[in-house]
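What follows is each chain in one-letter form.
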Amino acid sequence: MKAAVERVVAALREAGLETAVTEFAESTRTAEEAAAAVGTTVGQIVKSLVFLAGGRPVLALVSGANRLDTAKLAAVAGAPIRRADAETVRAVTGYAIGGVPPMGHATPLPTYLDADLLGYDTVWAAAGTPNAVFPITPMDLERVTGARVVDVAVRSGDG
Ligand code: 5CA
């Protein structure tokens, strides 16, 4: 198991979760690839997206089926939003893009959870590398991340 994956397993254990991380031979770098590897729907894949809200890093956990509406995130975060670049993502989370887990980061990040994820029994999130994921209930995901549940998805008809 890669060191990055071991860090995620340790963070999950610390949070009281004995969930099984799966490392795949194939890529789980994108939500589509992760869904194919797991054999689940893309909606059940958790994207861990880092943004800067007024320059302060925040994390948005978004269903793979959704596109994040930056105006909605800006409204709940209370500051203008821009996407963090790859270098910033690595610095604030400790993980490279494609493997960023929802918790266990280098620095604690205010976290927002896409309400649509609560509609599933189980969702899957990245476990530190672009070929490792773990299953979690949305309720546990909310608890271990301390996330605020919000509507941040682009809805057809919005705007
Ligand atoms: N392992 C998968 C499924 S769990 C995963 O990590 N998906 S993800 O969506 O959370 O991570 C990939 C995301 O990183 C992309 O959706 C995209 O929003 C972002 N990304 C990709 N390339 C860059 C880049 N160069 N700079 C900033 N963000 C990027």
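Here is what the cut-offs are and how they apply
- The numbering scheme is per chain: residues are counted from 1 as the chain's sequence reads.
- Note on the predicted model: pLDDT of at least 70 is required for a residue's local features to be given, and 80 or more for side-chain atom pairs to be given and counted; whole-chain, interface and lining totals, by contrast, use all residues.
- Hydrogen atoms and water are omitted, and side-chain values are computed over all heavy atoms in the structure.
- One heavy atom suffices: a residue is near a molecule or strand as soon as one of its heavy atoms comes within 4 Å of it.
- Two N or O atoms form a polar contact when they lie within 3.5 Å of each other; inside protein one atom must be a possible hydrogen donor and the other a possible acceptor, and for residues adjacent in sequence the pair counts only when both atoms belong to side chains.
- Every accessible area reported is derived by Shrake-Rupley at a probe size of 1.4 Å, with residue values counting cover from the shown protein chains alone.
- For the purposes of this entry, the term helix denotes a DSSP run of H or I that reaches at least four residues, the term strand denotes a run of E that reaches at least two, and both are numbered from the N terminus.
- Take the buried residues of types Ala, Val, Leu, Ile, Met, Phe, Trp, Tyr and Cys, join any two whose side-chain atoms come within 4.5 Å, and each joined set is a nonpolar core.
- Accessible area is worked out with a 1.4 Å probe on protein chains only. A residue is then buried under 20% of its type maximum, exposed over 50%, and partly exposed in between.
- As used here, the arc belongs to the directions running from the helix axis to the C-beta atoms.
- Every residue pair with non-hydrogen atoms within 4.5 Å of one another is taken to be in contact.

Enquirer: What is the right way to read the site of the ligand from this model?
Expert: Close to the ligand lie 15 residues, the nearest being Thr 28, Arg 29, Ser 48, Arg 83 and Gly 98. The contact in question runs from an oxygen atom of the ligand to an N or O atom on the backbone of Ser 48, over 2.9 Å. In the environment of the ligand, a nitrogen atom lies 2.8 Å from a nitrogen or oxygen atom belonging to the backbone of Gly 98. Considering the ligand on its own, with 610 Å² of exposed area, one finds that the protein chains cover 73% of that surface. Broken down by element, the shell around the ligand gets its largest block of residues, 5 residues, from strand E2 (residues 45-53).

Enquirer: What am I meant to see in the nonpolar core here?
Expert: It is characteristic of soluble globular proteins that their nonpolar side chains tend to be buried jointly. Ranked by internal contacts, the top residues of the largest apolar core, which has 31 residues, are Val 21 and Phe 134. Secondary-structure elements contributing two or more residues to this core are helix H1 (3-14), E2, strand E3 (56-63), helix H4 (86-93), strand E6 (123-126), strand E7 (132-136) and helix H5 (138-145). Per-element tally for this core: the top contributor is H1, with 6 residues. One finds Leu 49, Ala 79, Ile 81 and Val 150 within the second-largest nonpolar core, a separate group that totals 15 residues.

Enquirer: I'm lost on the environment of Asn 131 in this one. Help?
Expert: Here Asn 131 shows up in the loop between E6 and E7. Given the relative accessible area of 22%, Asn 131 is considered partly exposed. For the pair Asn 131 and Ala 3, spaced 128 residues apart in sequence, the C-alpha to C-alpha distance is 13 Å.

Enquirer: How should I be thinking about H4 in this particular structure?
Expert: Along an α-helix, a turn takes 3.6 residues, which lines up residues three or four apart on a common side. Among the residues of H4, Val 89, Val 92 and Thr 93 are the ones counted as buried. Down the axis of H4, the sector holding all buried residues measures 85°, keeping them to one side. Opposite the buried face of H4, by more than 90 degrees, sit the exposed residues Glu 87 and Ala 91. Tucked inside the fold, the buried residues of H4 contact E2 and E3.

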